[in-house]
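# What the coordinates show
Single-letter residue listing:
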Amino acid sequence: MIEKIVIANRGEIALRILRACRALGIKTVALHSEADRRGQVCAPRRRVRVHWPGRRQGQLPQYPGGNIAAEVTDAQAIHPGYGFLSQNADFAERVEQSGFIFIGPRADTIRLMGDKISAIEAMKKAGVRPCPARTDRSTMSTTARTCDWPTRSATR
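Chains are numbered independently. Their residues run from 1 in the order of the written sequence. Predicted model: local features are reported for residues with pLDDT of at least 70 only, side-chain atom pairs are reported and counted for 80 or more only, and whole-chain, interface and lining totals are derived from all residues. As a rule here, side-chain values come from all non-hydrogen atoms in the structure, and water together with hydrogens is ignored.

## Here's the deal with the overall build of the chain
Each helix is a run of DSSP H or I of at least 4 residues and each strand a run of E of at least 2, with the numbering of both proceeding from the N terminus. If you tally the helices and strands in the chain, you get six helices and five strands. Ordered by position from the N terminus, the helices and strands of the chain form the series β-α-β-β-α-β-α-β-α-α-α. Any two residues having at least one pair of non-hydrogen atoms within 4.5 Å are treated as being in contact. Expressed as a percentage of contacts within the chain between residues at least 6 apart in sequence, the contacts between residues at least 24 apart total 41%. In the structure as shown, the chain presents an accessible area of about 10400 Å², 52% of it carried by carbon and sulfur atoms. To be clear on the numbers: accessible area is Shrake-Rupley with a 1.4 Å probe, and residue cover counts the displayed protein chains and nothing else.

Listed below in structure tokens is the structure:
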């Protein structure tokens, strides 16, 4: 059971993760820049704060920051939030190699799905029928129906 996680994101995303963790009884650790220290996600009653002086507002430490924060706060996992770190296979790999749980897809999955051609091949192999690309309106709804995607009719 995970008892504490590091949230390697900020703003509304971090607040959503915080609320979910609180509902599950999981303690959280915030990563934030000095400029973000007064943000709602950094309120002392909500979490332990780890900060790096001199960072611009909204700028999180580079990769090692999450692992270091997890080590010094006895966290078992790191949640990247959404966006940059959640799509970074190298970050996920470093977290896993450090012995922490990466809350998200495995590094090899991020790499696989980050390349459109390999992602389509993986979908086909798994039995998921990818929808062929179409750009003209006349064939888009036909293509969607062919792929069993939901459609709605619009009147003009």
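And the narrative resumes.
## Looking at the environment of methionine 123
Inspection of the secondary structure puts methionine 123 in helix H5 (residues 116-125). Each C-alpha atom of the pair methionine 123 and methionine 113 lies 9.6 Å from the other, and the pair is ten residues apart in sequence. Apart from the residues within four sequence positions on either side, methionine 123 is in contact with Val128 and Pro130.

## Concerning the nonpolar core
Core analysis: the largest hydrophobic core is formed by 15 residues, its most contacted members being Val6, Ile78, Phe91, Val95 and Phe102. Of the residues forming this core, the biggest block, four residues, is contributed by helix H3 (residues 89-97). As used in this record, nonpolar core signifies buried Ala, Val, Leu, Ile, Met, Phe, Trp, Tyr and Cys residues forming a set joined through side-chain atoms within 4.5 Å. Any residue under 20% of the maximum accessible area for its type is buried, any over 50% is exposed, and the rest in between are partly exposed; the area is computed with a 1.4 Å probe on protein chains only. Counting nine residues, the second-largest nonpolar core is a separate cluster that includes Ala14, Leu15, Leu18 and Cys21.

## Some words on the environment of serine 86
Relative to the assigned elements, serine 86 resides in the loop between strand S4 (77-79) and H3. What serine 86 contacts, discounting residues up to four positions off in sequence, is Pro80, Gly81 and Ile110. Residues adjacent in sequence count toward polar contacts only when both atoms are side-chain atoms; beyond that, a polar contact is any pair of N or O atoms within 3.5 Å, and within protein one must be able to donate a hydrogen and the other to accept it. There is a polar contact of 2.7 Å between the side chain of serine 86 and the backbone oxygen of glycine 83.

## Remarks on the pattern of salt bridges
By convention in these notes, a salt bridge is any Lys or Arg side-chain nitrogen within 4 Å of a carboxyl oxygen on Asp or Glu. Within this structure, the stated rule accounts for six salt bridges. A salt bridge links glutamate 12 to arginine 19; its shortest N-O distance comes to 3.7 Å. Across the pair glutamate 121 and lysine 124 runs a salt bridge, and its minimum N-O distance is 4.0 Å. On the criterion of helical spacing, the pair formed by glutamate 121 and lysine 124 is a turn pair, its members being three residues apart in helix H5.

## Notes on the side chain of lysine 4
Structurally, lysine 4 is set in strand S1 (residues 4-7). In this structure, lysine 4 is buried with no salt-bridge partner, the nearest side chain bearing the opposite charge being aspartate 74 at 5.7 Å. Charged residues are defined narrowly, with Lys and Arg counted positive, Asp and Glu counted negative, and His plus the chain ends left uncounted.

## Comments concerning H3
Residue pairs spaced three or four apart in an α-helix point in one direction, given the helix's 3.6 residues per turn. By the burial criterion, the buried members of H3 are Ala89, Phe91, Ala92 and Val95. Along the axis of H3, the buried residues cluster in a sector spanning 165°; they form a single face. Looking one or two residues beyond H3, the residue adopting positive phi is glycine 99, at roughly 90°. Comment: arc refers to directions from the helix axis out to C-beta atoms.

## Here's the deal with the packing of aromatic side chains
Here a Phe, Tyr or Trp ring, Trp counted by its six-membered ring, pairs with any other such ring whose centre lies within 6.5 Å, and the pair is stacked when the planes are under 30 degrees apart, edge-to-face when over 60, and tilted otherwise. Here the structure, examined in full by the defined rule, presents one aromatic pair. Seen from their ring centres, phenylalanine 91 and phenylalanine 102 are 6.0 Å apart, and the 75° between their planes marks the pair as edge-to-face. Remark: phenylalanine 102 occurs in strand S5 (residues 101-102) and phenylalanine 91 occurs in helix H3; sequence separation between them is eleven residues. The two residues phenylalanine 91 and phenylalanine 102 agree in class, both being buried.

## A short note on the confidence of the model for the chain
For the chain, per-residue confidence averages 76 on the pLDDT scale, and residues scoring 70 or more make up 64% of the total. Confidence scores labelled pLDDT are given residue by residue by the predictor and lie between 0 and 100. Confidence, read as mean pLDDT per element, is least for strand S3 (residues 48-52) in the chain (51) and greatest for S5 (94). Here residues 57-61 scores under 50 on pLDDT; set against residues more than four positions off or in separate chains, the count is 15 contacts.

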